[in-house]
Amino acid sequence: MRSKRRMTRLLAAPLAGLIALMIPVVVSPPTASAAGTNLALGRTMSASGSNQNFVPGNANDGNQASYWESTNSAFPQWLQVDLGTSTAVNQIVLKVPTGWSARTQTLSIQDSADGSAFTTLVASTGYNFDGNANTVTINFGQTNTRDIRLNFTSNSDTWPAGQPVFAV
């Protein structure tokens, strides 16, 4: 009888460890932040239109020198990224190529769980690209979303189009 109890104890300990390994661990989804990962990098991009070779995929290729450009003189225009799954985000970073003159682009930010029904996350505001680093960081309360859309309504530069590089 003693050996049967001992055998049970010897088998029970490793089995308990194996069962513990099989319990799923819930991990919070990644959150975008200034020092964090670019969640938009390489994801599917779409837009209301584009100009010449400045296609939506340029906006999230990780290269500040390439960019999406909306259809000329046709505001409003939108640019959208599909993050692939619901993801916690609290910041968007927009860039235009370094060396470009200062400009203000007016846009709002929307989010969606399904890519078709959007709600406003950040109201329409003018964002100044200073002509130096040409980077704008937009912070907002954390939200879980799959799709993020930028709606452009103006650009103070002589070129009447939206022109960002996009990082979430």
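Computed from a predicted model, the values in this text were never measured in an experiment. (Residues numbered from 1 in each chain as written. Predicted model: local features only at pLDDT ≥ 70, side-chain atom pairs only at ≥ 80, totals over all residues. Heavy atoms only, no water.)

Within the largest apolar cluster, 23 residues are counted, with the highest numbers of intra-cluster contacts made by Ile 92, Leu 94, Leu 107, Ile 109, Ile 138, Ile 148 and Leu 150. Going through the elements one at a time, strand E2 (77-95), strand E3 (103-112), strand E4 (119-129) and strand E5 (135-155) are the ones with two or more residues in this core. (Core = buried A, V, L, I, M, F, W, Y, C linked by side-chain atoms within 4.5 Å. Buried < 20%, exposed > 50% of the residue type's maximum accessible area, 1.4 Å probe, protein only. Helix = DSSP H or I, 4+ residues; strand = E, 2+ residues; numbered from the N terminus.)

Right, let's talk about the pairing of E2 for a bit. Residues in a regular strand project their side chains so that they alternate between the two faces of the sheet. Two elements, strand E1 (residues 44-47) and E2, share 4 bridges in a ladder whose sense is antiparallel. Counted as the bridge partner of Thr 44 is Asp 82 from E2. In terms of strand pairing, E2 meets E5 through 14 bridges, oriented antiparallel. Bridge assignment links Ile 92 to a residue of E5, and that residue is Ile 138. (Pairing = 2+ DSSP bridges.)

Another aspect to go through is the pattern of salt bridges. Enumeration according to the criterion identifies 1 salt bridge in this entry. Linking Arg 146 and Asp 82 is a salt bridge whose minimum nitrogen-to-oxygen distance equals 2.8 Å. Note that Arg 146 is positioned in strand E5 and Asp 82 in strand E2, a separation of 64 residues in sequence. (Salt bridge = Lys/Arg side-chain N within 4 Å of Asp/Glu carboxyl O.)

What follows is about the packing of aromatic side chains. Per the stated rule, a full pass over the model turns up 3 aromatic pairs. Residues Phe 54 and Tyr 67 carry aromatic rings whose centres are separated by 4.8 Å and whose planes lie at 10° to one another, so their mutual orientation is stacked. In this pair, Phe 54 sits in the loop between E1 and E2 while Tyr 67 sits in the loop between E1 and E2, placing the two residues 13 residues apart along the sequence. For Tyr 67, a relative accessible area of 11% puts it in the buried group. Taken together, a centroid distance of 4.7 Å and an interplanar angle of 80° make the contact between Tyr 67 and Trp 100 edge-to-face. Here Tyr 67 is found in the loop between E1 and E2, whereas its partner Trp 100 is found in the loop between E2 and E3, with 33 residues between them in sequence. For Trp 100, a relative accessible area of 21% gives the class partly exposed. Above the ring of Trp 78, the side-chain terminus of Arg 149 is found at 3.8 Å from the ring centroid. A cation sits over an aromatic face here: Arg 149 above Phe 118, 4.1 Å from the ring centre. (Phe/Tyr/Trp six-rings, centres within 6.5 Å; stacked < 30°, edge-to-face > 60°. Lys NZ or Arg CZ within 6 Å of the ring centre and 35° of its normal.)

Along the chain, the position of Asp 147 falls in strand E5. At 4.4 Å, Arg 146 is the nearest oppositely charged side chain to Asp 147, a buried residue that forms no salt bridge. Of the polar contacts made by the side chain of Asp 147, one reaches the backbone nitrogen of Gly 115; its length is 3.0 Å. Beyond its immediate chain neighbours, meaning those up to four positions away, Asp 147 contacts Gln 80, Val 81, Asp 82, Gln 110, Asp 111, Ser 112, Ala 113, Asp 114, Gly 115 and Phe 118. (Lys, Arg positive; Asp, Glu negative; His and termini not counted. Polar contact = N/O pair within 3.5 Å; in protein donor to acceptor, adjacent residues only side chain to side chain. Contact = heavy atoms within 4.5 Å.)

Worth remembering: the numbers are spatial, not functional.
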